[in-house]
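The lines below spell out each chain.
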Amino acid sequence: MLKRLFALSVVLLGFGAHLFAQEEAEQMIALEDAQASDTTLISATSLAESINPILARAAADVEAARGRAYQAGLYPNPVAQGGATQLAGNESQYYFGLSQEIVTKHKLQLNQSAATREVYQAELHFVQTRFALLTAVRQTFFLALASQRRVDVLTKLLDITRNSATAAERMRAAGETSKADTLLFEIELEKAEVALENAQAQLAAARRQLAAVIGVREMNIGRIVGNLRISLDEAMAQILIDGYVPYNAQVQVAEQEVERSRILLQRAQVEPFPNITVYGGYQNQLLGVRDMGLLNASIPIPVWNRNQGNIAAAHAHIHRATADVGQVQNQIARMMAEGIGRYKVADQQARRFEEKIVPKAREGVTIIQEAFANGQFDSFRLLQSQRGLVESNLGYIAALESRWMAAAELAGIAQLETFP
């Protein structure tokens, strides 16, 4: 009877190995939380785009830039003037008039054109902000999904270890094994319990982090629904297409700054051409000619100040903005190269775990089962094979997590709408 009990624990170990080998979608436990609904990547990103305050702030920046651009093209208001040039009884004189500044050399159009480039930049900053948010949601989602898978694996491990420890204790009571063997199983049980508790704490933290990234920190995140094992080859092929750098919003912001700088140079060059202020009015005096018209014009003469300093500064800003474009392109290319390197390393590790390490760990469990069936029992080898199987699966999950984190970062740089 005792041998049958212990055989059951080994069968459970083999059953766990079978579960670990199935597809991720088939591995997920049908666990429902009555207070929280399941969370998918699509639902998380959609919710984040609709309620996250960082996007509302970026949208407000766009509207503010549009307002400034509209204001930049408005013509100066006329100025009303009135009063008395002389107050002396019958010789008193009173006047009223309007003055208007006439803007020359299309200065207002240039002002508005430069401000419009700022609108484009604000819109591109919105794009940057949106993809930064999408990247954060994607990375945090897969971080939580990987944490959930660890909890699933370690829960299975705890069940297996608890059954093995119980069976070992019964065998020791019957005199079929030693206290040392029983202690080994008890130690493994303690380790499994601690590992599961740590994994559960990490999962709870990951769920809270996901809620905060989405934008509702009080949100109760339920079970994460996703598949860590799906292929990313198609997404990576799209990311690695040549020419991705110029389409990045950060690069386009820098390019718009070059255009804005050129417009500001034109604006600085026409600044020496003076605006003309025209005044027309009416004057009344009590004696002599009572009704008189007033007309004058004023114009500054650009003798000493011809805006030389601002023109030189505008030239320098064009050179700086042009250099910034190259710098940003190099920065994006460096970030992409680093991300590709991390992705390839994680992808290679994940493939090695999937194709080599995990199958060999399962094979080791099978060999132990067969040895036990033939009457050969070695508690150390049993524990070793069990530990190897679980560690292989945890290593596999860690590699998949790293692969998703790198892939999400690359998708954000390449600004992929659809991911994965």
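The structure displayed is predicted, hence computed values, not measured ones. Residue numbers here run from 1 along each chain, matching the order of that chain's written sequence. Totals for whole chains, interfaces and linings use every residue, but because this is a predicted model, local features are given only for residues with pLDDT of at least 70 and side-chain atom pairs only at 80 or more, for both listing and counting. Side-chain calculation: all heavy atoms of the structure are included, whereas hydrogens and water are not.

Caption draft 1: Broad picture of the overall build of the chain. Counting secondary structure elements, the chain contains ten helices and four strands. Helix numbering and strand numbering both begin at the N terminus, where a helix is a DSSP run of H or I of at least 4 residues and a strand a DSSP run of E of at least 2. Along the chain direction, N to C, the helices and strands of the chain fall in the order α-α-α-α-β-β-α-α-α-α-β-β-α-α. We call two residues contacting when some pair of their heavy atoms lies within 4.5 Å. Considering only contacts within the chain whose residues lie at least 6 apart along the sequence, 82% involve residues at least 24 apart. Looking at the chain as shown, the accessible area adds up to about 22700 Å², and 55% of this sits on carbon and sulfur atoms. Note on areas: Shrake-Rupley, 1.4 Å probe, and residue coverage restricted to the protein chains presented here.

Caption draft 2: Spotlight on the layout of surface pockets. Space inside and on the surface of the protein is sampled on a 1 Å grid over the protein atoms alone, with a cavity defined as a set of points where a 1.4 Å probe fits but cannot get out and a pocket as an open set with protein on both sides within 12 Å along at least 5 of 7 lines; lining residues have an atom within 4 Å of a point. Grid points are joined across faces, edges and corners, and a volume is the space filled by probe spheres set on the points. Counted as a void, the largest pocket has a volume near 250 Å³. If you go around the largest pocket, you meet 18 residues; those closest to its centre are Leu-41, Ile-42, Thr-45, Phe-419 and Pro-420. Sorting the residues of the lining of the largest pocket by element identifies α3 (41-51) and α5 (107-173) as the ones contributing at least two each. Three residue categories are used. Nonpolar comprises Ala, Val, Leu, Ile, Met, Phe, Trp, Tyr, Cys and Pro, charged comprises Asp, Glu, Lys and Arg, and polar comprises the others, including Gly. Split into classes, the residues belonging to the lining of the largest pocket amount to nine nonpolar, five polar and four charged.

Caption draft 3: Structural view of the pairing of strand β2 (residues 93-102). Inspection of the sheet shows strand β1 (residues 79-86) paired to β2 by seven bridges, in the antiparallel sense. Opposite Ala-80, over in β2, you have Leu-98 as the bridge partner. Across ten bridges, the pairing between β2 and strand β3 (residues 276-285) is antiparallel. If you follow Gln-93 over to β3, its bridge partner there is Gln-285. At least two bridges found by DSSP between two strands are what make those strands a pair.

Caption draft 4: Layout of the nonpolar core. For our purposes a nonpolar core is just a set of buried Ala, Val, Leu, Ile, Met, Phe, Trp, Tyr and Cys residues, chained together by side-chain atoms within 4.5 Å. Whether a residue is buried, partly exposed or exposed follows from its accessible area with a 1.4 Å probe, protein chains only, as a fraction of its type maximum: under 20%, in between, or over 50%, in that order. By size, the foremost hydrophobic cluster in this structure holds 67 residues, and its most contacted members are Phe-142, Leu-228, Met-236 and Phe-419. Secondary structure elements with two or more residues in this core: α3, α5, α6 (179-214), α7 (233-239), α8 (249-270), α9 (308-373) and α10 (379-414). Excluding residues within four positions of it along the chain, Phe-419 makes contact with Leu-41, Arg-138, Phe-142, Leu-232, Trp-404, Ala-407, Ala-408 and Ala-411. Judged by nonpolar contacts, the second largest core, of six residues, contains Val-62, Ala-65, Ala-115 and Ala-122.

Caption draft 5: Quick look at the packing of aromatic side chains. Aromatic rings from Phe, Tyr and Trp, taking only the six-membered ring of Trp, are treated as a pair when their centres fall within 6.5 Å; an angle between ring planes under 30 degrees marks them as stacked, one over 60 as edge-to-face, and anything in between as tilted. Tallying each qualifying case throughout the model produces three aromatic pairs. The interplanar angle of 10 degrees and the centroid separation of 3.9 Å between the aromatic rings of Phe-142 and Trp-404 together place this pair among those described as stacked. Highlighted residues: Phe-142 in helix α5 and Trp-404 in helix α10, separated in sequence by 262 residues. Taken together, the ring pairs connect Phe-141, Phe-142, Trp-404 and Phe-419 into an aromatic cluster. Geometrically, a charge over a ring is one whose NZ (Lys) or CZ (Arg) sits within 6 Å of the ring centre while staying within 35 degrees of the ring normal. The residue whose ring lies beneath Lys-105 is Phe-273, and the NZ or CZ to ring-centre distance is 4.6 Å. The ring of Phe-131 carries the charged tip of Arg-130 above its face, separated from the ring centre by 5.3 Å.

Caption draft 6: Quick look at the side chain of Gln-256. With respect to the helices and strands, Gln-256 occurs in helix α8. Among the polar contacts made by the side chain of Gln-256, one reaches the side chain of Arg-117 at a distance of 3.4 Å. Excluding its chain neighbours within four sequence positions, the residues that come into contact with Gln-256 are Arg-117, Tyr-120, Gln-121 and Leu-124. Between N or O atoms, a polar contact is any pair within 3.5 Å; within protein, one atom must be a potential hydrogen donor and the other a potential acceptor, and residues adjacent in sequence are included only when both atoms are from side chains.

Caption draft 7: The side chain of Asp-347, seen in detail. With respect to the helices and strands, the residue Asp-347 is situated in helix α9. There is a polar contact of 2.8 Å between the side chain of Asp-347 and the side chain of Arg-351. Within the structure, the side chain of Asp-347 is placed 2.9 Å from the side chain of Arg-403, a separation counted as a polar contact.

Caption draft 8: Layout of the sheet that holds β3. The strand order across the open sheet formed by four strands is β1-β2-β3-β4, and the pairing between neighbours is antiparallel. Only two strands of the sheet have a single neighbouring strand rather than two, namely β1 and β4 (291-298). On average, each strand axis in the sheet is inclined to that of its neighbour by 20 degrees, with strand direction left out of account. Lines fitted to C-alpha atoms define the axes here, with helix axes fitted over just the stretch in contact, and angles between the N-to-C directions of these axes take values from 0 to 180 degrees.

Caption draft 9: Focus on the pattern of salt bridges. Every case where a carboxyl oxygen of Asp or Glu lies within 4 Å of a side-chain nitrogen of Lys or Arg is listed as a salt bridge. Taken as a whole, this structure holds 20 salt bridges when the rule is applied. With a shortest N-O distance of 3.0 Å, Glu-123 and Arg-66 are connected by a salt bridge. Taken together, the residues Glu-123 in helix α5 and Arg-66 in helix α4 (residues 53-72) connect sequence positions 57 residues apart. Of the charged contacts in the structure, one is a salt bridge between Asp-347 and Arg-351, with a shortest N-O distance of 2.8 Å. Of this pair, Asp-347 and Arg-351 both sit in helix α9, four residues apart, which is roughly one turn of the helix. The exposure class of Asp-347 is buried, given its relative accessible area of 11%. Shared partners join several salt bridges into a network, and the residues in it are Asp-233, Asp-347, Arg-351 and Arg-403.

Caption draft 10: Focus on the environment of Gln-200. Locating Gln-200 in the fold gives a position in helix α6. The class for Gln-200 is partly exposed, based on a relative accessible area of 40%.

Caption draft 11: Just α8, in detail. Every helix has an expected span of 1.5 Å times one less than the residues it contains. In a regular helix each residue adds 1.5 Å, so 22 residues correspond to 32 Å; α8 covers 32 Å between its end C-alpha atoms and thus fits that length. At the N-terminal end of α8, a side-chain oxygen is found 2.8 Å from the backbone nitrogen of Gln-250, two or three residues along, and the residue is Asn-248.

Caption draft 12: Just the environment of Ser-164, in detail. Within the secondary structure, Ser-164 sits in helix α5. Take Ser-164: its relative accessible area is 2%, and that puts it in the buried class. Once the C-alpha coordinates of Ser-164 and Leu-383 are considered, the two residues, 219 residues apart in sequence, prove to be 9.3 Å apart.

Caption draft 13: Layout of the environment of Leu-143. On the secondary structure map, Leu-143 appears in helix α5. For Leu-143, a relative accessible area of 21% corresponds to the partly exposed category. Contact partners of Leu-143, with chain neighbours within four places excluded, come to Gln-209 and Glu-401.

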